[in-house]
Amino acid sequence: MRDPMAHPDQFPSLKYLACRRARLALVCVLVAAALVPVARADNPFSCPAPPSVKRKFSPIQQPSIATGGAIDLSSDKAIWGLDGSTGTLSGHVVVRQGQRVVKSDDAEYQTNDNAVQVQGKVDYEDPLIHLTGDNGRYSTTGGATFKDAWFDLLQRDAHGTAKLVDLTPGGILRLQGVTFSTCPENEETWEIRASTMTLDNGQHTGVARDATIDFDNIPILYLPWLSFPLDDERKTGFLFPSLGNNSRSGFELSTPWYWNIAPNEDLLLTPTYYTRRGIDLGGDARYMTDDQRGELQWQFLPDDSQTLSEGLSSHERSFVHLTQTTELPDDFRLQIDAANVGDLLFFQDFGQGPMGSSVAYLPRTAALTYRDENWRLSAQVEQDQTLDAIQQLLDPLDKPYARLPQLVADSDFAIGPAGIFHYGFDSEVTNFDRDIGVTGWRMDLRPDVSLHFEGPGYFVRPNLAYEFTQYALNNTAVGATRDPDRALPTASLDTGLIFDRAVGSQGSYTQTLEPRMMYVYTPYRDQDQLPLFDSGLPDLNSVELFRTNRFVGLDRIGDADQVTTALTSRLIRSSSGQQLLTATLGQTYYFQPPRVQIPLEPTTGLRSDLVAEVGLTAYKNWSVNLAEQWDPTASDSDRTIVEVQYKAANDAVLNLAYRFQRNTPAEQQAQIQEVAAAYTEIYQSYLTQGYTPMQAQLRATSLSQSYETPDSLDQVEASGAWPILRNWNAYARVVYALDEHQMLDRFAGFEFHGCCWGLRILARRALSNSTGRQDTSIFVQLELNGLASVGSQAGTFLGSAIRGYSPTSVSP
């Protein structure tokens, strides 16, 4: 059966190639792929339509044979007995009952039980099946029987053979000695051989028993029981096993079982066996109603034999993730997003793609929200689980605060002609809590008023706000106040112009020139006595330049006497409004250097970094994104992003990217101090876990050295997926750290997609944790069109790993 919970990133639509020739040429194609021209992504070659497509009926709604009405007979010649109970029909015999039709050259009809006995070749057809066979019997009371039949399922584009076919009076087909395939005739690359098969058109299900799946005449899987749908509806039953291999977990085998509880509820149980870790009891439960939807995912390994070698104290490994959304009356909504892992290394061992090394925190939030045209209200609790063990050991003060709770009330009202006058406020009350450091409550209230003068080609928006913040703190330093506060006004004027002109032949394009300027004044207030619960510096871009506060969070309000200017130009297709090109250049000028600082913040002069952004979208399949943050004081780049993409189709895309970000000298010095302190912290931690001093010393040395981060991020990435030959695709990705001279991630693979089957092979070696450990994995996926896939879901992360790549599923 097909996987009803499968992700949408499966094989693209299959195109026909002589399957047997393709299999024999597998090795040759891999060698020759680099030597032949690239195939066009829109290759028009297609598979032949199966015979059933021409005769497809509407969804099955026919009555049973017993209640299907009278039998109609027609033939070239009929001879009836003296008593009229038996008739011999010959020449183009046609027997009809509703949508059921039996055709033969010769038949014998018995009136006492409305039965037709066919000798020789017989042809039978109804909305579910069309078959031809030798000899048969059709009766309104006893059903129908046919021998040595070839059949075609009209609802599933599948065909096969059966030594014996029984059609019950209730309309259920029972077949014996069955072969079954969705491949074109005479090209049965794969098929199911089963002792018996039952097709129930009332329940829309098929069941095969004692079934063997053959691929190229080689048995690859035996199933004592197999269930599959006769239409596109979901069906309870076992899915095909998944296979995989990992350099640390070993060979893995999954046997998923799907339960279609109700049209709006389902459950997928996925027990997985790892040769080096034991059993993993995984699952995924989902439900949806008119006003609720939720999902629960889990994994549980009761006895992982690799935990001791990884420094874990317990053999149990677990992960659980709950998401829940409830639409309440009067525009209220309740949302829950909570996850938990039993140990800090879970994602490093079981995460796919970037999850292994990049997940530092797991969110645990519950929020009650309300939103309408003027109000936004929320009551939320949040407490993240920290996963990075090294970060925990080095600096507990960097652990995120829990918000228990966070209450938010924001409003925005517009009055006057065209809503020219705006007024409202933002407010928040939050309790910040954690095990170490300063904790406490923060209340913030920010009323504001503004005018919106807008018209064709211009806007002017003056704004005046006043912000008051009050704290009630615990665990403060000796002599520090426990209830500091802050109050200050902010005035701003944001204005811009929009010029446009027609360009190109016959004015087919519109070019704009959009200068913008914003002045902000906020007086200085000494805020060193205030804690840092959630404030920081955002990455600078064309949006962040026009913030009235250069910090995110509410613990720091930057003093400002500054003007920000930017110039944007766009190129727009006049007929469709599609934006083809945008370019922005902006910078902030300070009349007085900002005095409010946070730890590790670089010194700010009279100018901010210069920000430049260029975006080219969908111009002859090309897309380009450029971003540059230039430090005019140091005459050097702080951040550079270059992304180039060529996308001919969803499964034909090439990417090249370069990313650079410089750490500040203060950040570099802090990292050196942290690494110096890391050794002692980690060494003591391993001693408390029962390691010998020598073992603890070796592990602490390795981990503390691996934690040292470079002075900057300097990476290049290349990725792509492309049809290389008819029915053959290749894909690959490489991420290389130029500063560390190290591969961070690389994989390569190929796929073949024929008319009724597809094969994907992928080899990957990638960074799996923050200590620099790399894992090697091999994925093999075999997909049988219209049935299921056999193998690990190698394509589940390709869509995110290869930007712009989105393969489509095989047609059922």
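Predicted, not measured: the structure shown is a model, and the values here were computed from it. (Residues numbered from 1 in each chain as written. Predicted model: local features only at pLDDT ≥ 70, side-chain atom pairs only at ≥ 80, totals over all residues. Heavy atoms only, no water.)

### Re the packing of aromatic side chains
And then number 1: Scanning all chains against the criterion turns up 25 aromatic pairs.
And then number 2: For the ring pair Phe319 and Phe346, a centre distance of 5.8 Å and an interplane angle of 20° mean the geometry is stacked. Taken together, the residues Phe319 in strand S20 (residues 317-327) and Phe346 in helix H4 (residues 346-350) connect sequence positions 27 residues apart. One exposure class covers both Phe319 and Phe346, and it is buried.
And then number 3: Members of the aromatic cluster, joined through ring pairs, are Phe215, Trp728, Phe750, Phe752 and Trp757.
And then number 4: Here Arg434 stacks its cationic end above the ring of Tyr401, 4.1 Å away from the centre of that ring.
And then number 5: Cation over ring: Arg516 sits above Phe546, and NZ or CZ is 3.9 Å from the ring centre. (Phe/Tyr/Trp six-rings, centres within 6.5 Å; stacked < 30°, edge-to-face > 60°. Helix = DSSP H or I, 4+ residues; strand = E, 2+ residues; numbered from the N terminus. Buried < 20%, exposed > 50% of the residue type's maximum accessible area, 1.4 Å probe, protein only. Lys NZ or Arg CZ within 6 Å of the ring centre and 35° of its normal.)

### Observations regarding the pattern of salt bridges
And then number 1: Under the counting rule described, the total for this entry stands at 30 salt bridges.
And then number 2: The network of salt bridges with shared partners includes Arg248, Arg277, Asp304, Arg317, Asp343, Asp349 and Asp775. (Salt bridge = Lys/Arg side-chain N within 4 Å of Asp/Glu carboxyl O.)

### Description of the state of the cysteines
And then number 1: For the coordinates displayed, the defined rule picks out one disulfide.
And then number 2: A disulfide bridge connects Cys183 with Cys756, and the sulfur atoms are separated by 1.8 Å. In this structure, the disulfide formed by Cys183 and Cys756 twists by about 80° around the S-S bond and is classed as right-handed. Taken together, the positions of Cys183 in the loop between strand S9 (172-181) and strand S10 (190-200) and Cys756 in the loop between strand S42 (742-753) and strand S43 (757-767) put the pair 573 residues apart, joining distant regions of the chain. (Disulfide = S-S within 2.5 Å.)

### Let's talk about the confidence of the model for the chain
And then number 1: Put simply, the chain has an average pLDDT of 81, and 80% of its residues get 70 or more.
And then number 2: Within the model, the stretch residues 1-46 combines pLDDT values under 50 with 134 contacts to residues more than four positions away or in other chains.
And then number 3: Confidence drops under pLDDT 50 across residues 52-67; counting only partners more than four residues distant or on other chains, this segment forms 45 contacts. (pLDDT = per-residue confidence, 0-100. Contact = heavy atoms within 4.5 Å.)

### Comments concerning the pairing of strand S18 (residues 278-288)
And then number 1: In terms of strand pairing, strand S17 (residues 265-274) meets S18 through ten bridges, oriented antiparallel. Note on S18: the bridge partner recorded for Asp266 is Arg286.
And then number 2: Linkage of S17 to S18, two consecutive antiparallel strands, is achieved through a turn of three residues.
And then number 3: Note: S18 against strand S19 (residues 292-301), six bridges, orientation antiparallel. By the bridge assignment for S19, Arg286 is matched with Glu295. (Pairing = 2+ DSSP bridges.)

### What about a negative patch on the surface?
And then number 1: A cluster of acidic residues, Asp330, Asp331, Asp372 and Glu373, forms a negative patch on the protein surface.
And then number 2: When you line up the elements, Asp331 lands in the loop between S20 and strand S21 (332-341).
And then number 3: Owing to a relative accessible area of 53%, Asp331 belongs among the exposed residues under this scheme. (Patch = residues over 30% accessible without salt bridge, like charges linked within 9 Å, V, L, I, M, F, W, Y side chains within 5 Å. Areas by Shrake-Rupley, 256 points an atom, 1.4 Å probe, with all protein chains shown as cover. Lys, Arg positive; Asp, Glu negative; His and termini not counted. Charge placed at Lys NZ, Arg CZ, Asp CG, Glu CD.)

### Observations regarding the environment of Thr189
And then number 1: The residue Thr189 is located in the loop between S9 and S10 in this model.
And then number 2: When the C-alpha atoms of Thr189 and Asp214 are compared, they prove to be 8.2 Å apart, with 25 residues separating the residues in sequence.

### A look at the environment of Met743
And then number 1: Looking at the element boundaries, Met743 is found in strand S42.
And then number 2: In this structure the C-alpha to C-alpha distance between Met743 and Gln715, which are 28 residues apart in sequence, comes to 9.6 Å.
And then number 3: When neighbours within four sequence positions are excluded, Met743 is seen to be in contact with Val734, Val735, Tyr736 and Gln774.

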